[in-house]
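Chain and residue survey
Here is what each chain is made of, one letter per residue.
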Amino acid sequence: MMTDTEPIEIFSVIRERRSVRNYTDRDVPDEALRAIIAAGIQAPTALGLQPWQFVIVKDRGLMRQVSDYCKPILVEKIGEEARSGTEEFLAALKSPGFNIFYNAPVLILVLGAQEAVSSVLDCTLCAENMMLAAWALGIGSCWIGSAALVQQNPDLLAALKVPADHQIVAPLIFGYPGPLSPKAVRREPQVTWIA
């Protein structure tokens, strides 16, 4: 039971967490991955449906295949909708050595049951819990939304063992962070109070 006077570590985890795009080669222990998923499934879920499943990918070759499949599609999409700030990412995508998973040792796909109307929202909440839990364990993470493009490739979907009745909601990478650049400062939010 929590009291008003207890320090709550979760606030510092929330403040300090950032998207990590630089990883060491150190493996993430299976017990840490289980703990991260265990935290994920504590997320709110509409009607208690818990529409999630998880695929843990440690096969770097398969991750490279997924990256190589997604990169040209991304180049085309970004080229059509070029916005300020996309130039650096577009240049990286055109580099043969670039991997959309930033050479992270683990990819976890958070899958949502297609029949559950709340699936995307529930799995998104689950994914955020997972990223916060990872940071609390000293493990970095990043949501690689563009990896969901792999759903257009039946062979890669089969290799990733994604069931036909599920969709990829959150492709999350995990690993121990290498040197990090400073976290972007958050703008003050616009808040309207109605009393």
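Our structure's up above, just so we're on the same page.
Residues numbered from 1 in each chain as written. Predicted model: local features only at pLDDT ≥ 70, side-chain atom pairs only at ≥ 80, totals over all residues. Heavy atoms only, no water.

**Re the environment of F54**
Mapped onto the elements of the fold, F54 is located in strand β1 (residues 52–57). Ignoring any residue separated from it by four or fewer positions in sequence, one finds F54 in contact with I37, I41, I108, L109, V110, C126 and M130. (Helix = DSSP H or I, 4+ residues; strand = E, 2+ residues; numbered from the N terminus. Contact = heavy atoms within 4.5 Å.)

**Focus on helix α2 (residues 30–40)**
The complete set of buried residues in α2 reads A32, L33, I36, I37 and G40. Each buried residue of α2 sits inside an arc of 135° when the element is viewed along its axis, so together they form one side. Looking at α2, the residues exposed on the side facing more than 90 degrees away from the buried face are E31 and R34. Turning to α2, the residues buried within the fold contact β1, β2 (106–113), α5 (119–136) and β4 (166–175). (Buried < 20%, exposed > 50% of the residue type's maximum accessible area, 1.4 Å probe, protein only. Arc of directions from axis to C-beta.)

**A look at the packing of aromatic side chains**
Applying the stated criterion across every chain, the model contains 2 aromatic pairs. For the pair F89 and F98, a centre-to-centre distance of 6.2 Å together with 80° between the ring planes defines the contact as edge-to-face. Classification of F98 as buried rests on a relative accessible area of 14%. For the ring pair F98 and Y102, a centre distance of 5.5 Å and an interplane angle of 85° mean the geometry is edge-to-face. Within the aromatic cluster, the residues linked to one another by ring pairs are F89, F98 and Y102. In this arrangement the basic side chain of R26 is found over the ring face of Y176, its NZ or CZ atom lying 3.6 Å from the centre. (Phe/Tyr/Trp six-rings, centres within 6.5 Å; stacked < 30°, edge-to-face > 60°. Lys NZ or Arg CZ within 6 Å of the ring centre and 35° of its normal.)

**Some details on the pattern of salt bridges**
Under the definition given, this model contains 2 salt bridges. Between R64 and D68 there is a salt bridge; the shortest N-O distance is 3.8 Å. With R64 and D68 both in helix α3 (residues 60–80), this residue pair falls 4 residues apart, about one helical turn. (Salt bridge = Lys/Arg side-chain N within 4 Å of Asp/Glu carboxyl O.)

**Considerations on the sheet that holds strand β3 (residues 140–143)**
If you trace the 4 strands from one edge of the open sheet to the other, you get β1-β2-β4-β3, paired in antiparallel fashion. A strand with exactly one partner marks an edge of an open sheet, and here the two such strands are β1 and β3. The mean inter-strand angle of the sheet, taken between neighbouring strand axes irrespective of direction, is 25°. Relative to β4, β2 is paired through 8 bridges, and the arrangement is antiparallel. Along β4, the bridge assignment pairs G112 with Q167. Those strands touched by α5 are β1, β2, β3 and β4, and its axis lies near 10° from that of β4. (Pairing = 2+ DSSP bridges. Axes fitted to C-alpha atoms, helices over the stretch in contact; angles between N-to-C directions.)

**A few points about the packing of α2 against α5**
Taken N-terminus to C-terminus, the directions of α2 and α5 make an angle of 140°; their axes are 7 Å apart at the nearest point. Taken together, the axes of α2 and α5 lie oblique to each other. The way α2 lies across α5 gives a crossing that is right-handed. Residues I36, I37, A39 and G40 of α2 form the contact with α5, whose participating residues are C126, N129, M130, A133 and A134. Across the contact of α2 with α5, the residue classes tally to 7 nonpolar, 2 polar and no charged. (Parallel < 35°, antiparallel > 145°, perpendicular 65-115°, else oblique. Left-handed = near helix turned anticlockwise from the far one by under 90°. Nonpolar A, V, L, I, M, F, W, Y, C, P; charged D, E, K, R; others polar.)

**What to know about the nonpolar core**
Grouped together as the largest cluster of nonpolar side chains are 36 residues, with contacts concentrated most on I100, F101 and I173. Within the residue set of this core, elements represented by two or more residues are β1, α3, α4 (87–93), β2, α5, α6 (154–159) and β4. Membership of the second largest hydrophobic core comes to 22 residues, among which are V28, W52, V110 and C123. (Core = buried A, V, L, I, M, F, W, Y, C linked by side-chain atoms within 4.5 Å.)

**A look at the environment of A38**
As for its placement among the helices and strands, A38 is situated in helix α2. The spacing of A38 and D165 is 127 residues in sequence and 23 Å in space, taken between C-alpha atoms.

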